[in-house]
Amino acid sequence: MEESRRAFIKKAAIAAGGTYLGTLGMSAKSYANIVGANDRVRVGVVGFSDRFKDTLLPCFLNHNKELNFDIVALSDLWNYRRDLGSEHIKNKIGHGIISCKNNDELYALKDLDAVIISTPDFAHASHAIEAVKNKKDVYCEKPFAETMEDARAALKAVRSSKQILQIGSQRRSGQNYKAASDFIKEGSFGDITMVELSWNVNQPGRWRRPDLVAKLKEDDTDWKRFLLNRPYEAFDPRIYLEYRLFWPYSSGMPGQWMSHQIDTVHWFTGLSHPRSVTANGGIYQWKDGRRNWDTTTAVFDYGPFDDLTKGFQVVFTSRMHNGDEKPAEIYYSNGGELNLITNTISSRGGLTERAAAAMKMKPNLLPEIKLSAPSAVVASANTGADVLSSNHMRNWMECIRSRKEPNAPVEAGYQHSIANIMTNAAVHTGGKATFDATRQEVMVEGKVFKY
């Protein structure tokens, strides 16, 4: 144990110096050695969203010239955003692109290799299926799926294809998260006993788009195509543009925020889903017609599926009426804590020598280790994109070249979707959600949960 800790401390020190990148980046020299490195990769955009405009496009522009990637087309159902997006991308990329009114037109293009999907939450899985069936590599925003039917179909489609798919879980491209994962997996942390996750904001307008809602008319888009496989309901511009507030088009807090944080639990532990989930909350502050809660507490039981005497609890809390948007992720063991807010492993709260002596036990305090904060792997441009998302986009682009598994493969999306859907089931039924691994279904009181 002591030897592995010393080895980890050495690795962490190297990481702090910015050189411990693992598979997170490639040098220009190694990139140049890849077969086909000079062939341009032509990318289409599925959905001109705020997420694409403000984050994914800047991330793409950090690396596209060096790696010889280009954006050639945009598909968006709403003519206003389609025109807006085409002009915006033209100004950023330096040339015009093809504007498509739907994905049928997009995939009819001959010169298209990959797509970036940033459509509403409920559409991600369906659009990923469509992309890989058309033999395109995919960068797909999270949450991957909001129903198990969509999750299963998407997992099968991706794994039946030869396409590269990166889930937008950008923590997997952060050096600090990689170092934390290594520390836990090699046994240095000890058994996890508790994980605390939180994500709080105080923004009355979060996920609201009143100015855009006023612009949207049904004749200017394709409402039925937008709905995909969701039950039909009459056209509502708020659902179209403020979908994060409306189930079953989004689960809100679980899909948007928890899916990032619960993914690290699966990654660090190798566990594929919770054993059970309960949840409580409600709409306590923002009475604006939304369906999704503005306050959520979800409690997860994790551990071996064949040994219920072992395990740990995860608590996710989120509120939209008081908070500074500084997401918290703290892992606890009997020897201390791993804090991904401060990027520190410490003996805080661990079993002290005095307490251990009183119980005739050995103290097991963790060493004090500072993990490296996330840093840019390589960027040929500085667009203001956040480091994790920029690294993650680059990893996807490199994997398209190398055909290697990306940092967040489809299984990562499938697994966070199970946890997400179990949370949704607990939220919408008030019961305890479990997972039937044989049927690959989320269950509540013996019944399959769907919506």
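Description of the structure in this document. Sequence order sets the numbering: in each chain, residues are counted from 1 along the sequence as written. Per-residue local features are limited, in this predicted model, to residues with pLDDT of at least 70; the limit for side-chain atom pairs, both in listing and counting, is 80 or more; totals at the level of whole chains, interfaces and linings are taken over all residues. Side-chain figures throughout are based on the complete set of non-hydrogen atoms in the structure, without hydrogens or water.

With that settled, the discussion passes to the side chain of Ser 173. By definition, any uninterrupted DSSP run of H or I lasting at least four residues is a helix, any uninterrupted run of E lasting at least two residues is a strand, and each is numbered from the N terminus. Note on placement: Ser 173 falls in the loop between strand S6 (165-167) and helix H8 (175-185). Within the structure, the side chain of Ser 173 is placed 2.7 Å from the side chain of His 392, a separation counted as a polar contact. Nitrogen and oxygen atoms within 3.5 Å of one another constitute a polar contact, given that in protein one can donate a hydrogen and the other can accept it, and given that sequence-neighbouring residues count only through two side-chain atoms.

Whenever a carboxyl oxygen of Asp or Glu lies within 4 Å of a side-chain nitrogen of Lys or Arg, that contact is scored as a salt bridge. What the rule picks out here adds up to 25 salt bridges. The partner of Arg 171 in a salt bridge is Glu 329, and the shortest N-O contact between them spans 2.9 Å. Within this pair, whereas Arg 171 is found in the loop between S6 and H8, its partner Glu 329 is found in strand S11 (residues 328-333), the two being separated by 158 residues in sequence. Residues participating in the shared-partner salt-bridge network are Arg 208, Arg 238, Glu 242, Asp 288 and Arg 290.

Our focus in this paragraph is the sheet that holds strand S1 (residues 41-46). Strands are labelled as partners when DSSP assigns at least two bridges between them. The six strands lie next to each other as S3-S2-S1-S4-S5-S6, forming an open sheet whose pairing is parallel. The outermost strands of the open sheet, each flanked by one partner alone, are strand S3 (98-100) and S6. When strand polarity is set aside, the average angle formed by the axes of neighbouring strands in this sheet is 20°. Summarising the sheet, strand S2 (residues 69-75) and S3 pair through three bridges and their orientation is parallel. By the bridge assignment, Ser 75 is partnered in S3 with Cys 100. Against the sheet, helix H4 (residues 79-93) engages S1, S2 and S3, with an angle of about 165° to S2. Fitted lines through C-alpha atoms serve as axes, helices being fitted only where they are in contact, and the angles separating the N-to-C directions of these axes extend from 0 to 180 degrees. Residues are treated as being in contact if the distance between any of their heavy atoms lies within 4.5 Å.

A word on helix H15 (residues 410-429). Its 20 residues place the ends of H15 28 Å apart at the C-alpha level, agreeing with the 28 Å of an ideal helix rising 1.5 Å per residue. Think of it in three bands: residues with accessible area under 20% of the maximum for their type are buried, residues over 50% are exposed, and the middle band is partly exposed, with areas taken using a 1.4 Å probe on protein chains only. Buried residues dominate H15, accounting for 16 of its 20 residues. Directly beyond the C-terminal end of H15, a positive phi value near 80° is found at Gly 430. The length a helix should cover is 1.5 Å for every residue beyond the first.

This brings us to the side chain of Thr 344. Inspection of the secondary structure puts Thr 344 in strand S13 (residues 344-346). Within the structure, Thr 344 has its side chain in polar contact with the backbone oxygen of Thr 342 (distance 3.1 Å). Among the polar contacts made by the side chain of Thr 344, one reaches the side chain of Lys 370 at a distance of 3.4 Å. Thr 344 has contacts with Glu 337, Leu 338, Asn 339, Ile 369 and Lys 370, leaving out every residue within four places of it along the chain.

Two kinds of site are reported from a 1 Å grid over the protein atoms alone, namely cavities, where a 1.4 Å probe fits but cannot get out, and pockets, open sets with protein on both sides within 12 Å along at least five of seven lines, and residues are called lining when an atom falls within 4 Å of a point. Grid points are joined across faces, edges and corners, and a volume is the space filled by probe spheres set on the points. Overall, the coordinates contain one cavity of 30 Å³ or more when judged by the stated rule. Put simply, the largest cavity is a space of about 80 Å³. In this structure, the largest cavity is lined by Ser 251, Met 253, Pro 254, Asn 292, Trp 293, Thr 296, Asn 424, Val 427 and His 428. Where the lining of the largest cavity is concerned, the elements lending two or more residues are helix H12 (253-269) and H15. The residue classification treats Ala, Val, Leu, Ile, Met, Phe, Trp, Tyr, Cys and Pro as nonpolar and Asp, Glu, Lys and Arg as charged. All others, Gly included, are polar. Residues of the lining of the largest cavity, tallied by class, amount to four nonpolar, five polar and no charged.

Moving on: the pairing of strand S5 (residues 137-140). What you see with S5 is no split at all: Asp 137 and Tyr 139 on one side and Val 138 and Cys 140 on the other are buried throughout. Two strands pair when backbone bridges link them, and strand S4 (residues 114-117) and S5 are joined in this way by four bridges, in the parallel orientation. Bridge pairing in S5 links Ile 117 to Cys 140. Running through helix H6 (residues 124-133), the crossover from S4 to the neighbouring parallel element S5 is right-handed. Handedness of the S5-helix H7 (residues 148-159)-S6 crossover: right-handed. Convention used here: a crossover is right-handed provided that the path from the first strand, over the helix, to the second strand proceeds clockwise when the strands point away from the viewer.

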